[in-house]
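Breakdown of the fold
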Amino acid sequence: MEKSAEGPAKKKVVAVVGGGLVGALNACFFAKRGFEVEVFETREDIRQAKVVKGRSINLALSHRGRQALKHVGMEEKIISQGIPMHARMIHSPSGKQSPIPYGKKGQYILSVDRANLNKQLLTEAETYPNTKLNFDHKLQDWSAETGLMTFVRSDGSKDQIKADLIVGCDGAFSAIRKQFLRRSRCNYSQTYIPHGYMELTMPPIDGEFAMKPNYLHIWPRNTFMMIALPNLDKTFTCTLFMPFDDFEKITTGDEVIEFFQKYFSDTIPLIGLDALKRDYFRLPALAMVSVKCSPYHIGDKCVLMGDAAHAVVPFYGQGMNAGFEDCIVFDEVMDQFNEDFSAVLPEYTRVRVPDDHAIADLAMYNYIEMRAHVNSTWFLFRKHVDDFLHFLMPKTIIPLYTMVTFTRTRYHKAVERWHWQDKVINRGLLFSATGAVLGGSYLLIKNPPDINKLIIPAEKLWNKVVALRT
Ligand code: FAD
Ligand code: EGU
């Protein structure tokens, strides 16, 4: 099923380094424009591999990611293999479950299988005759002066290849990015958080999902947190987030059970006692890193996208979504500047850096907030307050997660608006408080003994609200 690329044939060669989620999608974007696309990927073809190793089994796909898939005609196919999650399901320590919808009826996110998504995108890229996938090609080095790349293969042989444009989609530990760090006026920061994550599988019970399937299940426990997303095979993938120190404190099967008994007791019968004891020790907890850099380009030769440009901690479910949106933004700038790389690349950096940095900050902020004081009661309370304010003033107050998850509002604009909304809310509260004080003073004059009974609870409420907004 070969299809021809749109527009007149162009000879320029675009090398996409990394055939992960963003690399495979980007190959489609460039192929659609008629470039000669060469994808280079370290791993063997995952479509042939028996076991695909790597991070997280499933991911939350939301609006930004879906829009990018739509650009290359893949949205329907991918969503048909995703499981809609219309709400979060908050699990309290006692096992009580409370749903909180993501929004109105049509607003939901999708749980998608990472390996399947990656395979489908590679297969789609291959349907373009002007795309070639090169597996078992690990980028070792490249020259920013000449654009010459050196790849090593598993048999030890080397390949040297030149391209007109190099697109670095090689993930959080990008080899392409290394050349950026050697240059003057390149900014870079990387932060490992103290938490690690571990994935555990919850099998089906009697052939059915062990919990309600159309939810993002969350067990918020301050420093510990667990999240579960449904899979098509009726399992759930549970991801436990916890400080590395605490992971290491648990050394025996009995200690695992004791720990789960204390914090996630409702999941023990669902994951299974023996499976839990075994799986906890199968793989060590994995690290999470946040990476920021700028600029995203070197001259007219090279550009970074996806985790290579901005690895974010997963506490907003936006890493892949942001990387997919990178592809749309680049595509838009290509239209604007007629595919002139010397103009497109700096413009891409200019428009995209503030947004990627904003989502990196938001994800880190949410990590800190969750870790500091988010238990199940607090989580429920906060979301209900946000949703209530939205209900009262639907045009004025839009919850941050709504802007991030269900719109393509530029991430940095979403943050600006969030700060502005906070001011509006605080001012609103100030008016009410001023009103209360004035009213109170009047009452005080009229009827002195009663006022204390009125003011003391009001003050308590006010303090709660202040705590909430900071
Ligand atoms: P990667 O997926 O890392 O792909 C990079 C590719 O480059 C790989 O195939 C690799 O083999 C290849 N490569 C690396 N080095 C070289 C080299 N030298 N030469 C050639 N090839 C190379 N995001 C969401 O949107 N929603 C979620 O719910 C979500 N949940 C997450 C949960 C966890 C626990 C984690 C850790 C992340 C989560 N993310 C989520 C983030 C998401 O996984 C990443 O943002 C996404 O995978 C980035 O895609 P990428 O293609 O840029 O990088
Ligand atoms: C973490 C790991 C709930 C998948 C942030 C919400 C996540 C995901 C939330 C993982 C949370 C946290 C949001 C979505 C999503 C919530 C969101 C986090 C998917 C603010 C596979 N987060 N995640 N926020 O609102 O906007 O439901 O591993 F627990 S989806 Cl940490 Cl919307």
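Structure's up top.
Okay, so let's go over this structure. Note that the structure is predicted; figures quoted are calculated from it, not measured.

**Notes on the sheet that holds strand 7 (residues 109–113)**
Read from one edge of the open sheet, 3 strands run 3-7-4, paired in antiparallel fashion. This sheet does not close on itself; its edge strands, each paired only once, are strand 3 (58–61) and strand 4 (83–85). Across the sheet, the mean angle from the axis of one strand to that of its neighbour is 35 degrees, orientation sign disregarded. Relative to strand 7, strand 4 runs antiparallel, the two sharing 3 bridges. Pairing of methionine 85 across the sheet is with isoleucine 109, part of strand 7.

**A few points about the site of ligand 1**
Near ligand 1 you find 30 residues, and of these Glu41, Arg43, Ala60, Arg114 and Asp307 are the closest. Arginine 43 places a polar side-chain atom, nitrogen or oxygen, 2.7 Å from an oxygen atom of ligand 1. Between a nitrogen atom of ligand 1 and a main-chain N or O atom of glycine 319, the distance comes to 3.4 Å. In isolation ligand 1 has 1,000 Å² of accessible area, and contact with the protein removes 88% of it. Looking at the shell around ligand 1, the elements that each hand over two or more residues are helix 1 (21–32), strand 3, strand 9 (138–142) and helix 10 (319–336).

**Here's the deal with the sheet that holds strand 11 (residues 158–162)**
With respect to topology, 3 strands assemble into an open sheet ordered 9-10-11, the strand pairing being antiparallel. The open sheet has two free edges, formed respectively by strand 9 and strand 11, since each of these has just one partner strand. Taken over all neighbouring pairs, the strand axes of this sheet differ in orientation by 30 degrees on average, direction set aside. With 5 bridges connecting them, strand 10 (residues 148–152) and strand 11 associate as antiparallel partners. Of the residues in strand 11, the one forming a bridge with threonine 150 is glutamine 160.

**Overview of the site of ligand 2**
The immediate surroundings of ligand 2 are formed by 20 residues, with Arg88, Tyr102, Ile218, Pro314 and Phe315 found nearest. Arginine 88 places a polar side-chain atom, nitrogen or oxygen, 3.0 Å from an oxygen atom of ligand 2. Between ligand 2 and the protein, one listed contact pairs an oxygen atom with a side-chain N or O atom of tyrosine 102 at 2.7 Å. Alone, ligand 2 offers 620 Å² of accessible surface; in the complex the protein occludes 96% of this. Secondary structure elements with two or more residues in the shell around ligand 2: strand 3, strand 14 (215–221), strand 15 (224–230), helix 11 (341–373), helix 12 (376–392) and helix 13 (400–406). Of the residues assigned to the shell around ligand 2, the class counts are 14 nonpolar, 4 polar and 2 charged.

**Observations regarding unusual backbone geometry**
In terms of backbone geometry, most residues other than glycine have negative phi values and most peptide bonds are trans. Proline 295 follows serine 294 through a cis peptide bond whose omega is 0 degrees. Positive phi, normally seen in glycine, also occurs at asparagine 338, with a value near 55 degrees. Looking at the secondary structure, you find asparagine 338 in the loop between helix 10 and helix 11. The backbone phi angle of glutamate 339 is positive, close to 60 degrees, even though this residue is not glycine. The residue glutamate 339 is located in the loop between helix 10 and helix 11 in this model. By relative accessible area, glutamate 339 is classed as buried at 14%.

**Thoughts on the pattern of salt bridges**
Oppositely charged side chains are able to pair whenever their charged atoms sit close together. Scanning the model with the defined rule gives 23 salt bridges in all. Linking arginine 153 and aspartate 136 is a salt bridge whose minimum nitrogen-to-oxygen distance equals 3.5 Å. Taken together, the residues arginine 153 in the loop between strand 10 and strand 11 and aspartate 136 in the loop between strand 8 (131–134) and strand 9 connect sequence positions 17 residues apart. Relative accessible area serves as the criterion here: at 30%, arginine 153 is assigned to the partly exposed category.

**Considerations on helix 1**
Look at helix 1: 17 Å from first C-alpha to last across 12 residues, which is about the 16 Å you get at 1.5 Å a residue. Counting buried residues in helix 1 gives 11 out of 12 residues, a clear majority hidden from the surface. Those residues of helix 1 that sit buried are Leu21, Val22, Gly23, Ala24, Leu25, Asn26, Ala27, Cys28, Phe29, Phe30 and Ala31. Of the residues one or two after helix 1, glycine 34 is the one with positive phi, at around 95 degrees.

**Re the packing of aromatic side chains**
Under the criterion given, the structure shown has 23 aromatic pairs. For the ring pair phenylalanine 40 and phenylalanine 151, a centre distance of 4.2 Å and an interplane angle of 25 degrees mean the geometry is stacked. Here the residue phenylalanine 40 occupies a position in strand 2 (residues 36–40), and phenylalanine 151 occupies one in strand 10, the gap between them amounting to 111 residues. Note on accessibility: phenylalanine 40 and phenylalanine 151 belong to one class, buried. An aromatic cluster is present here, built from Phe30, Phe35, Tyr296, Phe330, Phe341 and Tyr348 joined pairwise through their rings. Of note, arginine 64 hangs over the ring of tyrosine 411, and the distance from its end group to the ring centre comes to 3.9 Å. The cationic tip of lysine 383 hangs over the ring face of phenylalanine 379; the distance from NZ or CZ to the ring centre is 5.1 Å.

**Considering the pairing of strand 15**
Extensive coverage of strand 15 is indicated by the burial of 7 of its 7 residues. On strand 15, burial covers both faces: Phe224, Met226, Ala228 and Pro230 on one face and Met225, Ile227 and Leu229 on the other are all buried. Both strand 14 and strand 15 contribute to a ladder of 5 bridges, which runs antiparallel. In the strand pairing of strand 15, isoleucine 218 is matched with isoleucine 227. As consecutive antiparallel partners, strand 14 and strand 15 are separated by 2 residues, and within that stretch asparagine 222 has a phi angle of approximately 55 degrees, a positive value. Between strand 15 and the antiparallel strand that follows it, strand 16 (residues 236–243), lie 5 residues; lysine 234 among them carries a positive phi value of about 70 degrees.

Rules used in this analysis
Residues numbered from 1 in each chain as written. Chains lettered and ligands numbered in written order. Predicted model: local features only at pLDDT ≥ 70, side-chain atom pairs only at ≥ 80, totals over all residues. Heavy atoms only, no water. Pairing = 2+ DSSP bridges. Helix = DSSP H or I, 4+ residues; strand = E, 2+ residues; numbered from the N terminus. Axes fitted to C-alpha atoms, helices over the stretch in contact; angles between N-to-C directions. Near = heavy atom within 4 Å. Polar contact = N/O pair within 3.5 Å; in protein donor to acceptor, adjacent residues only side chain to side chain. Areas by Shrake-Rupley, 256 points an atom, 1.4 Å probe, with all protein chains shown as cover. Nonpolar A, V, L, I, M, F, W, Y, C, P; charged D, E, K, R; others polar. Buried < 20%, exposed > 50% of the residue type's maximum accessible area, 1.4 Å probe, protein only. Salt bridge = Lys/Arg side-chain N within 4 Å of Asp/Glu carboxyl O. Expected span 1.5 Å × (residues − 1). Phe/Tyr/Trp six-rings, centres within 6.5 Å; stacked < 30°, edge-to-face > 60°. Lys NZ or Arg CZ within 6 Å of the ring centre and 35° of its normal.

These results come straight from atomic positions and should not be treated as a statement about function.
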